[in-house]
Amino acid sequence: MPSVAGLRIEGYVIVSADGMLANADRVMPDELKFEGDKQFFSAALDRADLIVHGRNSHEDQPNSPKRRRLILTSKIPALAPEPSNPNATLWNPAGASFEAACARAGVSSGMVAIIGGPDVFAMFMDRYDTFWLSQAPLVRIPDGTPCFPGVPRHSPQDVLAAHGLKAGDTQILDAAAGVIVTPWRRSG
């Protein structure tokens, strides 16, 4: 996927110790929700010019309806308005390019926040400027939904590194639960 000039692509996810972002029903369990991570995530999305996610992903925050977004779906040929949200555009990547979807959403510069799920994260793997990987090392989600294709065979860190991203300095989001966030940045 070629780069869109003027757009900075950032990914955001919190994962369990085994690399899962949701349970087997594709729902984020309460055990993976931490106040420090919620605040970090919410602040990042408030800075975003566009949010991109699949049909099962949504941040469910007070500012959510105000945020401009692309929702990936295969149920339309290319691009369409989301009837229940005037700030949302439905996007089928098989029928329209990312550039066309951004144009339809009215975004040509700024930060694009990719918030999941696994297939959406994978689409942008070679385009991230930064991927913010939050980890909850005391949480395990047996038979969960992996954050990226290839997990758990490979760790989320190995997947990011394989796509040319390098870990930066870790920040503590919840000391008691050991929750941290690490920025993985594209080098060169």
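Let me sum up the structure you'll find in this document. Here the structure is a predicted model, which is why all the values come from computation and not from measurement. (Residues numbered from 1 in each chain as written. Predicted model: local features only at pLDDT ≥ 70, side-chain atom pairs only at ≥ 80, totals over all residues. Heavy atoms only, no water.)

**Regarding the overall build of the protein**
Inference 1: A count of helices and strands for the protein gives 4 helices and 12 strands.
Inference 2: Rg of the C-alpha trace for the protein: 16 Å, near the compact-globule value of 16 Å for 188 residues, within the 12% margin.
Inference 3: When its C-alpha atoms are laid out on the principal axes, the protein stretches across 45 × 40 × 30 Å.
Inference 4: Across the 188 residues of the protein, 49% fall into the buried class.
Inference 5: Sequence separation of 24 or more characterises 62% of the internal contacts of the protein that already satisfy a separation of 6 or more.
Inference 6: As displayed, the protein has an accessible area near 9300 Å², and 51% of this comes from carbon and sulfur atoms.
Inference 7: Charged side chains in the protein number 18 positive and 20 negative. The centres of these two groups are separated by 5 Å. (Helix = DSSP H or I, 4+ residues; strand = E, 2+ residues; numbered from the N terminus. Rg over C-alpha atoms; globule rule 2.2 N^0.38 Å. Buried < 20%, exposed > 50% of the residue type's maximum accessible area, 1.4 Å probe, protein only. Contact = heavy atoms within 4.5 Å. Areas by Shrake-Rupley, 256 points an atom, 1.4 Å probe, with all protein chains shown as cover. Lys, Arg positive; Asp, Glu negative; His and termini not counted. Charge placed at Lys NZ, Arg CZ, Asp CG, Glu CD.)

**So, the pairing of strand E5 (residues 79-82)**
Inference 1: The sheet contact formed by E5 and strand E6 (residues 85-91) spans 4 bridges and is antiparallel. Pairing of Leu79 across the sheet is with Trp91, part of E6.
Inference 2: Hairpin connection, E5 to E6: the antiparallel pair is bridged by 2 residues. (Pairing = 2+ DSSP bridges.)

**Digging into the environment of Glu99**
Inference 1: For Glu99, the position within the fold is in helix H2 (residues 98-105).
Inference 2: It is 17 Å that separates the C-alpha atoms of Glu99 and Ala48, two residues lying 51 residues apart in sequence.

**Overview of the pattern of salt bridges**
Side-chain pairs of opposite charge can arise whenever the charged atoms involved come near each other.
Inference 1: Evaluation of the coordinates by the stated rule reveals 4 salt bridges.
Inference 2: For Asp46, the salt bridge goes to Arg67, with nearest N and O atoms at 2.6 Å. Taken together, the residues Asp46 in helix H1 (residues 35-47) and Arg67 in the loop between strand E3 (50-53) and strand E4 (69-72) connect sequence positions 21 residues apart.
Inference 3: Judged by its relative accessible area of 44%, Asp46 falls in the partly exposed class. (Salt bridge = Lys/Arg side-chain N within 4 Å of Asp/Glu carboxyl O.)

**Quick word on the environment of Glu35**
Inference 1: With respect to the element layout, Glu35 can be found in helix H1.
Inference 2: Residue classification places Glu35 among the partly exposed positions, given a relative accessible area of 47%.
Inference 3: Residues Glu35 and Gly19, spaced 16 residues apart in sequence, show a C-alpha to C-alpha distance of 20 Å.

**What to know about the packing of aromatic side chains**
Inference 1: Per the stated rule, a full pass over the model turns up 10 aromatic pairs.
Inference 2: Relative to Phe98, the ring of Trp91 lies with its centre 5.7 Å away and its plane at 45°, an arrangement referred to as tilted.
Inference 3: A relative accessible area of 1% places Trp91 in the buried class.
Inference 4: Between the aromatic rings of Tyr128 and Phe131, the centroid separation amounts to 5.0 Å while the plane-to-plane angle is 85°, which identifies the pairing as edge-to-face.
Inference 5: Clustering of aromatic rings is evident, with ring pairs tying together Tyr12, Phe40, Phe41 and Trp132. (Phe/Tyr/Trp six-rings, centres within 6.5 Å; stacked < 30°, edge-to-face > 60°.)

**What about the environment of Val27?**
Inference 1: Summarising the element assignment, Val27 is placed in the loop between strand E2 (20-22) and H1.
Inference 2: Expressed as a C-alpha distance, the spacing of Val27 and Ala161, which sit 134 residues apart in the sequence, is 27 Å.

**Remarks on the nonpolar core**
Inference 1: With 33 residues, the main nonpolar core has Val52, Phe98 and Phe131 as its most contacted residues.
Inference 2: What Phe131 contacts, discounting residues up to four positions off in sequence, is Gly11, Tyr12, Val13, Phe121, Phe148, Leu160, Leu165, Thr182, Pro183 and Trp184. (Core = buried A, V, L, I, M, F, W, Y, C linked by side-chain atoms within 4.5 Å.)

**Some remarks on H2**
Inference 1: Taken together, the buried positions of H2 are occupied by Phe98, Ala101, Cys102 and Ala105. Projected down its long axis, H2 carries its buried residues within an arc of 100°, all on one side.
Inference 2: Summarising the contacts, the buried residues of H2 are in contact with strand E1 (7-16), E3, E4, E5, E6 and strand E7 (110-114).
Inference 3: One or two steps after H2, the chain reaches Gly106, where phi turns positive at roughly 80°. (Arc of directions from axis to C-beta.)

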